Amino acid sequence: MSRVAVAARLGFREQARRPLLLVLLVGLPFFFITRAIANTERLPRLVELPGGGEVLSNMRDIHGADMAAITIAFLAGLVGVFVMQSAREADRRLVVAGFSARQAIAPRLLILAAATSIVLAVSLAVTALSFTPRLWAPFIAGNLLVGLIYGMLGALAGAAVDKLGATYLILFGAMLDLGVVQNPMFGSGAPPAWAPALPGYGAGRVIVDSAFSSEFHAWGELAVGCVWAVALAVAVVVVLGRLVGVAAD
Amino acid sequence: MTRTLAFTREQLRAPFALALLIAVPALFVAAAAGVLADFARALGGGLAGDAAASLGAGWAAAFIAGSLGFFQAASSRGADRRLALAGAGPGRVAASRILASLALAVVAAAAGFIALQLRADIVHPWHAAAAVLAFALIYLSVGVVIGSVVDGALEGSLAVAFVFLLDVFSGPGMAESPAPYSVSRKAADVLIASGLGEASPGADWLKLGAAVTIALAAALAVFAYSARSRL
């Protein structure tokens, strides 16, 4: 068995010893998405779509469309923070024991991807109980991008600051980005002019378009989201590689 | 005093920790104040005037203090017992822990309150300040209690977020009728009243004082339990 496979198996076994984590990763999305949608009134609301169109929807449906993304961002971001924290502590020893930095960090990224997939699957399944987007495929893609982007932002935050600071950054960052700035429930129904500067912009617009339009227009925004995800993935590999590699020097 | 300072420094020794403790609640109040009234209306509640901005300050301080309480409790495990056995005694170690936690909660509450004062014209600023601090202290205790029963940092952070979001969605202002299990209900009542320019009745202050006292007593008990010898 390759070293990556051994380290991945050990990493997944470590997570399996934490049943509360699985309960929270499944229970939190289920509880909050259903509750948020059920508690929201059907107040009429105009939503501006990518490509310039507008659609008259209501607050409950908009909340249904964006609550999954907010939840995924929170949870994937926090998983990213603590996967990175754990890697900082344990993977240095793997590198000292002879693993290359890449062999040590690949399993961590697999764990992050697996946790993000669980949160994504649960969030989308729960959303489907109360809200049906017009286009499922780009809706899933948008939410997957949110998970990847925030998972990796969490990992970078976990590398840059301690657990407490990284937790603050991810929770408030996700809340402000996807929960406020990109959220058509607030303001004019369209993101402000400076919204594209935030990481959730591309994915957020893909979600809005696929939720309310029967034809997909947000190709440019999808590309923006993909660029964010790739750039952050490169940054995570470089930063994590340096962190575990430096210890071996 | 030395122990209290050491416990305070323990939470602030990472880069940017103090800056984040101050900046995050301030930024949240500044950014979210404008949208919370719309959000409350969508959820069937109602927040007129500066009540939405006020509640945002309370929430920001609450979440910061809750996370802080969790990590304080998590780091007190084991270490505090050794400190107590080394001669400091469990009572003094617990007192130092709670004082350090209080100092940090006061900083987070002050940051939220100052941002609120800059953002809104609060008629009863001392009432608002007391209510924001109460939010922070109640959640400090929530975090400490969670830290005493949950081991992992990720699980603990998620558990604090769970209680916080449950409270936000079911508390005054956001729900048509606030749920009885909303832990910050009384703090929110006083904070919303101050945002509306109204003074809260004496009964509300008494209930808020009781909630904060119970919360702090629980946090102190957790720290004392962590520090006591198992020999």
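Residues numbered from 1 in each chain as written. Chains lettered and ligands numbered in written order. Predicted model: local features only at pLDDT ≥ 70, side-chain atom pairs only at ≥ 80, totals over all residues.

Colleague: I tried to follow the overall build of chain A on my own but got confused; where do I start?
Modeller: A count of helical and extended segments in chain A gives 8 helices and 2 strands. Secondary structure of chain A in N-to-C order comes out as α-α-β-β-α-α-α-α-α-α. Since a compact globule built from 249 residues should have a radius of gyration of about 18 Å, the 19 Å found for chain A is in line with a globular shape. Here chain A holds 249 residues, and 56% of them are scored as buried. Of all intrachain contacts in chain A linking residues separated by at least 6 positions in sequence, the fraction that spans at least 24 positions is 76%. (Helix = DSSP H or I, 4+ residues; strand = E, 2+ residues; numbered from the N terminus. Rg over C-alpha atoms; globule rule 2.2 N^0.38 Å. Buried ≥ 20, exposed ≤ 12 C-beta atoms within 10 Å, placed from the backbone. Contact = placed C-beta atoms within 7 Å.)

Colleague: Can you help me understand the overall build of chain B in this one?
Modeller: When helices and strands are tallied, chain B shows 9 helices and 0 strands. Here the C-alpha radius of gyration of chain B, 18 Å, is about what a compact globule of 231 residues would show, namely 17 Å. Each of the three principal axes of chain B carries a C-alpha extent, and together these read 55 × 35 × 35 Å. Relative to its full complement of 231 residues, chain B shows a buried share of 56%. Within chain B, contacts between residues at least 6 apart in sequence are counted, and of these 78% link residues at least 24 apart.

Colleague: Would you take a moment to explain the confidence of the model for chain B for this structure?
Modeller: Close inspection of predicted coordinates is inappropriate in any region flagged by low pLDDT. All names here are of chain B. When pLDDT is averaged along chain B, the result is 84; 95% of the residues meet or exceed 70. Looking over chain B, one finds the lowest element-wise mean pLDDT in helix α1 (residues 2-12), namely 73, and the highest in helix α6 (residues 125-149), namely 93. With pTM at 0.86, the complex prediction returns an ipTM value of 0.78. (pLDDT = per-residue confidence, 0-100.)

Colleague: Would you explain the packing of helix α5 (residues 136-160) of chain A against helix α6 (residues 163-181) of chain A in this entry?
Modeller: The geometry of a pair of packed helices is captured by two quantities: the angle between their axes and the separation between those axes. All names here are of chain A. Axis separation between α5 and α6 bottoms out at 9 Å; the angle between their running directions is 150°. Accordingly, the angle class assigned to the pair α5 and α6 is roughly antiparallel. With respect to the hand of their crossing, α5 and α6 are arranged in right-handed fashion. Residues Val-146, Tyr-150, Leu-153, Gly-154, Ala-157 and Gly-158 of α5 form the contact with α6, whose participating residues are Ala-166, Leu-169, Ile-170, Ala-174 and Leu-178. Across the contact of α5 with α6, the residue classes tally to 9 nonpolar, 2 polar and no charged. (Axes fitted to C-alpha atoms, helices over the stretch in contact; angles between N-to-C directions. Parallel < 35°, antiparallel > 145°, perpendicular 65-115°, else oblique. Left-handed = near helix turned anticlockwise from the far one by under 90°. Nonpolar A, V, L, I, M, F, W, Y, C, P; charged D, E, K, R; others polar.)

Colleague: Any chance you could explain the interface of chain A and chain B here in plain terms?
Modeller: On the side of chain B, 34 residues touch chain A, which itself brings 33 residues to the contact. Listed by contribution, the elements that provide at least two residues to the side of chain A that touches chain B are α2 (19-39), α3 (59-96) and α6 of chain A. Counting residues per element, the side of chain A that touches chain B draws most heavily on α6(A), at 10 residues. The residue inventory of the side of chain A that touches chain B, partitioned by class, reads 22 nonpolar, 6 polar and 5 charged.

Colleague: Help me out: how do you make sense of helix α3 (residues 51-76) of chain B in this one?
Modeller: Since the α-helix advances by 3.6 residues per turn, residues separated by three or four positions end up pointing in the same direction. All names here are of chain B. The first and last C-alpha atoms of α3 sit 37 Å apart over 26 residues, in line with the 38 Å expected at 1.5 Å per residue. Burial analysis of α3 places 25 of its 26 residues in the buried class, which makes it a mostly covered element. Looking at the residues trailing α3, positive phi occurs at Gly-78, about 80°. (Expected span 1.5 Å × (residues − 1).)

Colleague: I'm lost on the packing of α6(A) against helix α2 (residues 17-42) of chain B in this one. Help?
Modeller: Between α6(A) and α2(B), the least distance of the axes is 10 Å, while the angle of their chain directions is 15°. Overall, the two elements α6(A) and α2(B) adopt an arrangement that is roughly parallel. In this structure, α6(A) meets α2(B) at a crossing whose hand is left-handed. Contact residues: A:Leu164, A:Gly165, A:Tyr168, A:Leu169, A:Phe172, A:Leu176 and A:Val180 in α6(A); B:Ala17, B:Leu20, B:Val24, B:Phe28, B:Ala31, B:Ala32 and B:Val35 in α2(B). Looking at the contact of α6(A) with α2(B) residue by residue, the class counts come to 13 nonpolar, 1 polar and no charged.

Colleague: Help me understand the nonpolar core in this model?
Modeller: Side chains that are nonpolar tend, in soluble globular proteins, to be buried together. Counting 180 residues, the largest nonpolar core has A:Ile149, B:Ala61, B:Ala108, B:Val132 and B:Ala136 as its most contacted members. The leading source of residues in this core is α3(A), at 21 residues. Residues within four places of A:Ile149 in sequence aside, it is in contact with A:Pro199, A:Gly200, A:Ala203, A:Trp228, A:Ala229 and A:Leu232. (Core = buried A, V, L, I, M, F, W, Y, C linked by C-beta atoms within 7 Å.)

Colleague: Would you take a moment to explain the pairing of strand β2 (residues 54-58) of chain A for this structure?
Modeller: Remember that side chains alternate between the two faces of the sheet whenever the strand is regular. Residue and element names in this part refer to chain A. As judged from the 5 bridges shared by strand β1 (residues 44-48) and β2, these two strands associate in the antiparallel manner. Opposite Pro-44, over in β2, you have Asn-58 as the bridge partner. Between β1 and β2, which pair antiparallel one after the other, the connecting turn spans 5 residues, and Gly-51 there sits at a positive phi close to 95°. (Pairing = 2+ DSSP bridges.)

Colleague: I would appreciate a short explanation of the confidence of the model for chain A in the present structure.
Modeller: In this model, chain A carries a mean pLDDT of 88, and residues with pLDDT of at least 70 account for 98%. Highest mean pLDDT in chain A belongs to helix α7 (residues 201-212) of chain A (96); lowest belongs to helix α1 (residues 3-16) of chain A (80).

Colleague: Can you help me understand helix α7 (residues 153-170) of chain B in this one?
Modeller: With 18 residues, α7(B) extends 26 Å between its outermost C-alpha atoms, agreeing within 8% with the 26 Å of an ideal straight helix rising 1.5 Å per residue. Among the 18 residues that make up α7(B), 14 are buried, leaving the element largely enclosed by the rest of the structure.

Colleague: Quick question: what am I supposed to make of the environment of A:Ala141 here?
Modeller: As for its position among the elements, A:Ala141 is in helix α5. Along the sequence, A:Ala141 and A:Cys226 sit 85 residues apart, while their C-alpha atoms lie 9.9 Å from each other.

Colleague: Can you walk me through the environment of A:Ala235 in this structure?
Modeller: All names here are of chain A. Within the secondary structure, Ala-235 is located in helix α8 (residues 219-248). The exposure class assigned to Ala-235 is partly exposed, which follows from the 15 C-beta atoms found within 10 Å. C-alpha of Ala-235 to C-alpha of Ser-2: the two residues are 233 residues apart in sequence and 25 Å apart in space.

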